Amino acid sequence: MQTMVNANLPTVVIGGGPVGLAAAAHLLSRSMPALVLEAGDDVAANVRDWGHVRLFSPWRYNVDKVAAKLLEGEGWTAPAPEGLPTGGELVEQYLRPLARILEKADQIRFGHRVISITRLGTDKMRTRDRDTIPFVVRVRDARGDERDLLARAVIDASGTWATPNPIGAAGLRAIGEEQLAERIRYGIPDVAGRDRERYEGKTTLVVGAGHSAANAILALVDIAAENATTRVVWSTRSQDLTRVFGGGEADGLPARGELGARLRGLVESGRLELVRGFSILQLTRSVSGDAIDASGFRDGEAHRIMNIDTIIAATGQRPDLGINRELRLELDPWLESAKQIGPLIDPNEHSCGTVRPHGAVELAHPEPSFYIIGSKSYGRAPTFLLATGYEQARSVVAMLAGDREAATRVELDLPETGVCSTASAEPGSSCCAPAEAAPVAATTSCCGPRPAPGPAASCCG
């Protein structure tokens, strides 16, 4: 006998990062039962991974308004609105206090990894009365034990940080990439801090044409200035690096302009070895066995970069859709985003600044009461903005509450300067090249200053 959905079942929110916690705050503010499931042992595991990175956007764009009201009710004092936090400061000064409110309400579980979602007693084949059947969210806890949790609705805000794009040029791992995984770091390693020993005195290949790559490169160059045996090689698939070099002093976000200008200066001075237009197809151990060779094609001809000690793959991320396999999803065929927002965010056509606000209507799937929000909602598109994620959370919770008027209302607050541009973006590129068209929303990782020697986050993961 099927158990019917009732209002006492919680809405399960997958992911305890900024957007997931914002969704929980909106649920709490509407007195709707909520349960946040975070795979990490603490709040915002993904943000903590890039905690050394400073954002380009000030605090006023990095805090959800409803979450702020909940926090203020607990005596929280908001950081200075124009301050520029690191990822670690975002966690300590905002996300962890917010998580404590949810803990007091028994609405968050750490060490709970979602491994699948379905409907109680039925798979995705059944149509009749599907919207009356509770969701089943299967989780694995820190001890490895599995259990099923029932939910009236599910909001997947698990993000994409943990599923990086491969180094291989065709969307597949390069041959040998898996076997040489111990030599590769994806994302934004703390080159100047906890990971310095891994890179000092070594040859590092940085792959990617975005601001994540730029930050790694600049930190490595700083180390090379102190240690002459440190070598940096930068490899990009694209020939055109206008996007990452930016507009210098004309950039609407000055720190972003500084970052691009410094990188351009290194290339033009010859201090940085740049290999443009290089598509990596294979990684192999060098003849000595102590290093790696990267081979592929450059401008249509075979090319190889030899004697690499370690690789930083700043190639962007993609969504893990495995947990959603038993749900009825409607996805954009190339971005793997929600289908309706695909044309709005396609980086072949749009920049961050030209993506119009969107909410529950555009994020809906054929699966009733299921939504993907946050960076995962954008699939492979690199143009996600944190402010957009907060607006998604507000709209989706309003829709689940039956408040369609609020769900379809636009409440997105955008700053007045700067724009992100991703035309012809390659994976891993950021959305932070300047342009003159439209305002840019502030983001989790687009776009913070780089006070030497610390790095700034790339846009827009």
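Before reading on, note that the structure itself is shown above.
So, here's what we can say about the structure. (Residues numbered from 1 in each chain as written. Predicted model: local features only at pLDDT ≥ 70, side-chain atom pairs only at ≥ 80, totals over all residues. Heavy atoms only, no water.)

**As for the sheet that holds strand β15 (residues 310-313)**
Item 1. Taken in spatial order, the five strands make up an open sheet running β8-β15-β9-β10-β11, and their pairing is parallel. Both outer strands of the open sheet, β8 (184-186) and β11 (273-275), are each paired with one neighbouring strand and no more. Geometrically, the sheet is characterised by an average inter-axis angle of 20° between neighbouring strands, direction not taken into account.
Item 2. One ladder, built from three bridges, connects strand β10 (residues 231-235) with β11; its direction is parallel. Looking across to β11, one finds that valine 233 is bridged to glutamate 273.
Item 3. Lying over the sheet, helix α6 (residues 211-226) contacts β9 (203-207), β10 and β15, oriented at roughly 160° with respect to β9. (Pairing = 2+ DSSP bridges. Helix = DSSP H or I, 4+ residues; strand = E, 2+ residues; numbered from the N terminus. Axes fitted to C-alpha atoms, helices over the stretch in contact; angles between N-to-C directions. Contact = heavy atoms within 4.5 Å.)

**Structural notes on the sheet that holds strand β6 (residues 146-151)**
The strands making up a sheet are joined through hydrogen bonds of the backbone, oriented either antiparallel or parallel.
Item 1. Read from one edge of the open sheet, three strands run β4-β5-β6, paired in antiparallel fashion. The open sheet has two edge strands, β4 (113-119) and β6, and neither has a second partner. Direction aside, the axes of adjacent strands within the sheet are offset by 25° on average.
Item 2. Note that strand β5 (residues 135-140) and β6 share six bridges and pair antiparallel. When the bridges of β6 are listed, valine 139 appears paired with arginine 147.

**Looking at the environment of alanine 105**
Item 1. Within the secondary structure layout, alanine 105 lies in the loop between α4 (87-104) and β3 (108-110).
Item 2. Exposure remark for alanine 105: the relative accessible area of 35% places this residue in the partly exposed category.
Item 3. In this structure, the C-alpha to C-alpha distance between alanine 105 and leucine 28, residues 77 residues apart in sequence, is 9.1 Å. (Buried < 20%, exposed > 50% of the residue type's maximum accessible area, 1.4 Å probe, protein only.)

**So, the pattern of salt bridges**
Item 1. By the definition in use, this model includes 31 salt bridges.
Item 2. Where aspartate 148 meets arginine 138, a salt bridge forms, and the shortest distance between an N and an O atom there is 2.7 Å. With aspartate 148 in strand β6 and arginine 138 in strand β5, the pair connects residues that are 10 residues apart, well separated along the chain.
Item 3. Classification of arginine 138 by relative accessible area gives partly exposed; the value is 35%.
Item 4. Between lysine 376 and aspartate 156 there is a salt bridge, and its shortest N-O distance comes to 2.7 Å. Taken together, the positions of lysine 376 in the loop between β16 (370-372) and α11 (386-400) and aspartate 156 in strand β7 (residues 153-156) put the pair 220 residues apart, joining distant regions of the chain. (Salt bridge = Lys/Arg side-chain N within 4 Å of Asp/Glu carboxyl O.)

**Comments concerning the nonpolar core**
Item 1. Counting residues in hydrophobic clusters, the biggest one holds 59 residues, and the most contacted among them are Leu21, Tyr94, Leu95, Ile155, Tyr371, Ile373 and Val396.
Item 2. Not counting chain neighbours up to four residues away, the residues in contact with tyrosine 371 comprise Val154, Ile155, Asp156, Ala360, Leu363, Ala364, Val396, Met399 and Leu400.
Item 3. Counting residues in hydrophobic clusters, the runner-up holds 26 residues, among them Ala209, Leu220, Ile223 and Phe245. (Core = buried A, V, L, I, M, F, W, Y, C linked by side-chain atoms within 4.5 Å.)

**Here we look at the environment of leucine 344**
Item 1. By the secondary structure assignment, leucine 344 is in helix α9 (residues 342-345).
Item 2. Taking the relative accessible area as the measure of exposure, leucine 344 reaches 16% and is therefore buried.
Item 3. The spatial distance from the C-alpha of leucine 344 to the C-alpha of histidine 358 is 9.1 Å, given a sequence separation of 14 residues.

**Some details on the packing of helix α3 (residues 65-72) against α4**
Item 1. Where α3 meets α4, the closest approach of the two axes is 10 Å, and the angle between their N-to-C directions is 70°. Relative to α4, the element α3 lies roughly perpendicular. Crossing angle aside, the handedness with which α3 passes α4 is left-handed. Across the interface between the two elements, Ala67, Leu70 and Leu71 from α3 touch Tyr94, Pro97, Leu98 and Ile101 from α4.
Item 2. Of the residues belonging to the contact of α3 with α4, the class tally is seven nonpolar, no polar and no charged. (Parallel < 35°, antiparallel > 145°, perpendicular 65-115°, else oblique. Left-handed = near helix turned anticlockwise from the far one by under 90°. Nonpolar A, V, L, I, M, F, W, Y, C, P; charged D, E, K, R; others polar.)

**Considerations on the packing of helix α1 (residues 18-29) against α3**
A packed helix pair is summarised by two numbers, namely the angle formed by the two axes and the spacing between the axes.
Item 1. Running from N to C, α1 and α3 point in directions that differ by 65°, and their axes come no closer than 8 Å. Taken together, the axes of α1 and α3 are roughly perpendicular relative to one another. Crossing of α1 against α3: the hand is left-handed. Counted together, Ala25, His26, Leu28 and Ser29 of α1 and Val66, Ala67 and Leu70 of α3 form the full contact between these two elements.
Item 2. When grouped by side-chain class, the residues that make up the contact of α1 with α3 number five nonpolar, two polar and no charged.

**Re the packing of aromatic side chains**
Item 1. Under the defined criterion, the tally for this structure stands at three aromatic pairs.
Item 2. With 6.4 Å between their ring centres and 75° between their planes, tryptophan 234 and phenylalanine 245 make a pair best called edge-to-face. Separated by 11 residues along the polypeptide, tryptophan 234 in strand β10 and phenylalanine 245 in helix α7 (residues 242-245) bring together distant segments of the chain.
Item 3. Under the relative-accessibility criterion, tryptophan 234 is labelled buried at 0%.
Item 4. Judged by centre distance (5.4 Å) and plane angle (80°), the rings of tyrosine 378 and phenylalanine 384 are edge-to-face.
Item 5. The side chain of arginine 119 reaches across the aromatic face of phenylalanine 135, ending 3.7 Å from its centre. (Phe/Tyr/Trp six-rings, centres within 6.5 Å; stacked < 30°, edge-to-face > 60°. Lys NZ or Arg CZ within 6 Å of the ring centre and 35° of its normal.)

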